[in-house]
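Overview (structure and organization)
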Amino acid sequence: WGMKDSSWEPRIPYNNDPAYTYNNLAESPWGDSYAALAGVRDGLSAINDGISIESGGVDVTQRAVAFGKLVQAMALSNLAVLFDKAFIVDENSDLAALEFVPYTEVWAAALVKYDEAISIAQANSFTIPDPWVGMGVSWTSQEFVDMAKAFRGRYRLQIGRTPAEQPNWSAVLADMTPGIPFEYSPYDDN
């Protein structure tokens, strides 16, 4: 994972050559983030084209939309904190016209997606099944809101590149105040 190369003091230039031995340092988060965005884009596009989702005879389309928006928010956040430029991809994107934009614009797009996910969850009552998140618990719509805020707060702390880009501490506090609604240990027993 290039830990030695990433820990030199003074810092050495970042090696973004595709032939670099530890190219997965950049390639994995880039590819995984866009794989997530592509999957959500396909799903939300189908919903926008009229597909509805049912579970046990109940329409759960809004649950899927909220979850998709959260995945978009987290993938865009990941790109914004790790890369100086990226593409903003969602269900409305013209893939032939994508352009690299600065991380600040990617972050702004992520914040919109967090707001959309939270708003949908607050307006609907649903349960996110455990297999969707793999943490040993299902999420109620309120727990979904709390988790979305917690992740948004976490990324608010990571987005700054310089001392001048200090986090908005009151926004971080507001996001983190509800806390994570249950024991959260994604790597437990690994």
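Use the structure listed above.
In this report, the structure presented in the accompanying data block is examined.

Conventions we followed
- Residues numbered from 1 in each chain as written.
- Predicted model: local features only at pLDDT ≥ 70, side-chain atom pairs only at ≥ 80, totals over all residues.
- Heavy atoms only, no water.
- Helix = DSSP H or I, 4+ residues; strand = E, 2+ residues; numbered from the N terminus.
- Patch = residues over 30% accessible without salt bridge, like charges linked within 9 Å, V, L, I, M, F, W, Y side chains within 5 Å.
- Areas by Shrake-Rupley, 256 points an atom, 1.4 Å probe, with all protein chains shown as cover.
- Salt bridge = Lys/Arg side-chain N within 4 Å of Asp/Glu carboxyl O.
- Phe/Tyr/Trp six-rings, centres within 6.5 Å; stacked < 30°, edge-to-face > 60°.
- Buried < 20%, exposed > 50% of the residue type's maximum accessible area, 1.4 Å probe, protein only.
- Axes fitted to C-alpha atoms, helices over the stretch in contact; angles between N-to-C directions.
- Parallel < 35°, antiparallel > 145°, perpendicular 65-115°, else oblique.
- Left-handed = near helix turned anticlockwise from the far one by under 90°.
- Contact = heavy atoms within 4.5 Å.
- Nonpolar A, V, L, I, M, F, W, Y, C, P; charged D, E, K, R; others polar.

1. A look at unusual backbone geometry
Of note, the amide linkage connecting E9 to P10 takes the cis form, showing an omega dihedral of -5 degrees. Positionally, P10 belongs in the loop between α1 (3–6) and α2 (24–48).

2. As for a nonpolar patch on the surface
On the surface, L157, W169 and M176 cluster together into a nonpolar patch covering about 300 Å² of accessible area. Along the polypeptide, W169 turns up in helix α7 (residues 169–176).

3. Overview of the packing of aromatic side chains
Under the definition given, this model contains ten aromatic pairs. When the ring of W30 is compared with that of F83, the centres are 5.0 Å apart and the planes differ by 85 degrees; the resulting orientation is edge-to-face. Of this pair, W30 sits in helix α2 while F83 is found in the loop between α3 (61–82) and β3 (85–86), placing the two residues 53 residues apart along the sequence. For F83, a relative accessible area of 15% translates into the label buried. Considering the side-chain rings of W30 and F100, the 6.2 Å spacing of their centres and the 45 degrees angle between planes classify their relative orientation as tilted. Placement of the pair is W30 in helix α2 and F100 in the loop between β3 and β4 (101–102), with a sequence separation of 70 residues.

4. Description of the packing of helix α6 (residues 141–158) against α7
Interaxial distance between α6 and α7 falls to 7 Å at its minimum, and their mutual angle equals 150 degrees. Taken together, the axes of α6 and α7 lie roughly antiparallel to each other. Handedness of the crossing formed by α6 with α7: left-handed. Residues K149, A150, R152, G153, R154, R156 and L157 of α6 form the contact with α7, whose own contacting residues are W169, A171, V172, D175 and M176. Taken together, the residues of the contact of α6 with α7 break down into six nonpolar, one polar and five charged.

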